[in-house]
Amino acid sequence: MSKLKLLFGFHAVTARLRHDASSIEEIYYDPTRRDRRMTDFLKVVESFKIKVIQADGKRLDGMAGSSRHQGVVAQAQEVSLALNLDELLDGISGDPLLLVLDGVTDPHNLGACLRVADGAGAHAVIAPKDRAVGLNATVAKVASGAAETVPYIMVTNLVRTLRKLQERGIWVVGTSDDAPADIYGTKLTGPMAIVMGAEGEGMRRLVAETCDERMSIPMAGGCESLNVSVASAVCLYEAVRQRSVAAKGAGK
């Protein structure tokens, strides 16, 4: 039996229903919420024949650890999207696009990064075990379902992992305010891993030194840097843009 975890919020629970409904043990919901969204949600749950339990707001708050559950909490089995890095890489067809997070410990930031990675079509998010947050209920809620679709691989040694990626022909590009080139002057096509450092601290020294190349995000205003999830979106979607242009050019 897999370890049980809690999911809360319509997006997170619905995403798990679509991805693997059989992994959900039971769903708790607030019967005082009678709007159309809840009604439609319960109809979907009923179609999967999953046990539903009425629970008041106070109980749901206690289960979710906050009041941001939207009246829905699910107890589900852990689902592994990829057992390890080698399994992930072996299963990718085409050029890998990976997001590497060095020092992201806030669950809201991680959830947003997973959502960005899902939207950009990244194959996985990689982070070190010692300086990262795990996939808890808050992460799943903020990710709006992306925690169920994007592999989140936590590694023991990030520098060693980056070297392993390089050995497999993946170009590792780190982000830094003092990089010699910006994202628009950096080639982001081909097998690619984009490394984002923690806000304020940036990448650790050994991580930065291991990167094949570094790039910056142009900042025209008074702010010195962007939130890590926003910065991840800017970099990943620039990579998507470049890949799209390259693909169109190859098709001519």
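These numbers come from a predicted model, not from an experiment.

Visitor: Whenever I open this one, the overall build of the chain confuses me. Can you help?
Guide: Looking only at helices and strands, the chain has nine helices and 11 strands in total. Its C-alpha atoms give the chain a radius of gyration of 20 Å, within 12% of the compact-globule value 18 Å for 252 residues. In terms of overall dimensions, the chain has a C-alpha envelope of 55 × 40 × 40 Å along the principal axes. Relative to its full complement of 252 residues, the chain shows a buried share of 49%. When contacts within the chain are restricted to residue pairs at least 6 apart in sequence, those whose partners lie at least 24 apart make up 80%.

Visitor: Is there a simple way to think about the sheet that holds strand E2 (residues 24-29) in this case?
Guide: Neighbouring strands of a sheet are bound in pairs by backbone hydrogen bonds; such pairs are parallel or else antiparallel. Within the open sheet, the four strands sit side by side as E1-E4-E2-E3. Their pairing is mixed. The open sheet terminates on both sides in strands that have one partner only, identified here as strand E1 (4-8) and strand E3 (51-54). Across the sheet, the axes of successive neighbouring strands diverge by a mean angle of 20°, strand direction being ignored. When E1 meets strand E4 (residues 72-77), the two strands line up antiparallel, connected through five bridges.

Visitor: I would appreciate a short explanation of the environment of Glu 78 in the present structure.
Guide: Looking at the element boundaries, Glu 78 is found in the loop between E4 and helix H4 (85-90). Expressed as a C-alpha distance, the spacing of Glu 78 and Val 234, which sit 156 residues apart in the sequence, is 31 Å.

Visitor: What's the story with the pattern of salt bridges in this structure? I'm lost.
Guide: Side chains that carry opposite charge are capable of pairing whenever their charged atoms lie near each other. The full count for this structure, using the stated rule, is 10 salt bridges. Its salt-bridge partner being Arg 33, residue Asp 35 comes within 2.5 Å of it at the nearest N-O pair. Among the residues examined, Asp 35 registers a relative accessible area of 28% and is labelled partly exposed. A salt bridge links Asp 90 to Arg 168, with the nearest nitrogen and oxygen atoms 2.7 Å apart. Residue Asp 90 is found in helix H4, and its partner Arg 168 is found in the loop between helix H7 (158-167) and strand E8 (171-175); the two are separated by 78 residues along the sequence. With relative accessibility at 57%, the residue Asp 90 sits in the exposed group. Owing to a relative accessible area of 37%, Arg 168 belongs among the partly exposed residues under this scheme. Through salt bridges with shared partners, a single ionic network connects Asp 86, Asp 90, Lys 164 and Arg 168.

Visitor: Looking at this model, I keep getting lost on the packing of aromatic side chains. Mind explaining?
Guide: By convention here, two paired aromatic rings are described through the distance between centres and the angle between planes. Tallied over the full model, the rule gives one aromatic pair. Their ring planes at 80° and their centres at 5.4 Å tell us that Phe 10 and Phe 41 sit as a pair that is edge-to-face. Highlighted residues: Phe 10 in helix H1 (residues 10-20) and Phe 41 in helix H2 (residues 36-47), separated in sequence by 31 residues. Each member of the pair, Phe 10 as well as Phe 41, carries the same accessibility label: buried.

Visitor: What should I look at first to understand the environment of Asp 106 in this one?
Guide: By secondary structure assignment, the location of Asp 106 is in the loop between strand E5 (97-102) and helix H5 (107-120). Here Asp 106 falls in the partly exposed class, since its relative accessible area comes to 32%. Within polar-contact distance, the side chain of Asp 106 engages the backbone nitrogen of His 108 at 2.9 Å. From its side chain, Asp 106 meets the backbone nitrogen of Asn 109 in a polar contact 3.0 Å long.

What counts and what doesn't
Residues numbered from 1 in each chain as written. Predicted model: local features only at pLDDT ≥ 70, side-chain atom pairs only at ≥ 80, totals over all residues. Heavy atoms only, no water. Helix = DSSP H or I, 4+ residues; strand = E, 2+ residues; numbered from the N terminus. Rg over C-alpha atoms; globule rule 2.2 N^0.38 Å. Buried < 20%, exposed > 50% of the residue type's maximum accessible area, 1.4 Å probe, protein only. Contact = heavy atoms within 4.5 Å. Pairing = 2+ DSSP bridges. Axes fitted to C-alpha atoms, helices over the stretch in contact; angles between N-to-C directions. Salt bridge = Lys/Arg side-chain N within 4 Å of Asp/Glu carboxyl O. Phe/Tyr/Trp six-rings, centres within 6.5 Å; stacked < 30°, edge-to-face > 60°. Polar contact = N/O pair within 3.5 Å; in protein donor to acceptor, adjacent residues only side chain to side chain.

Geometry only, nothing functional implied.
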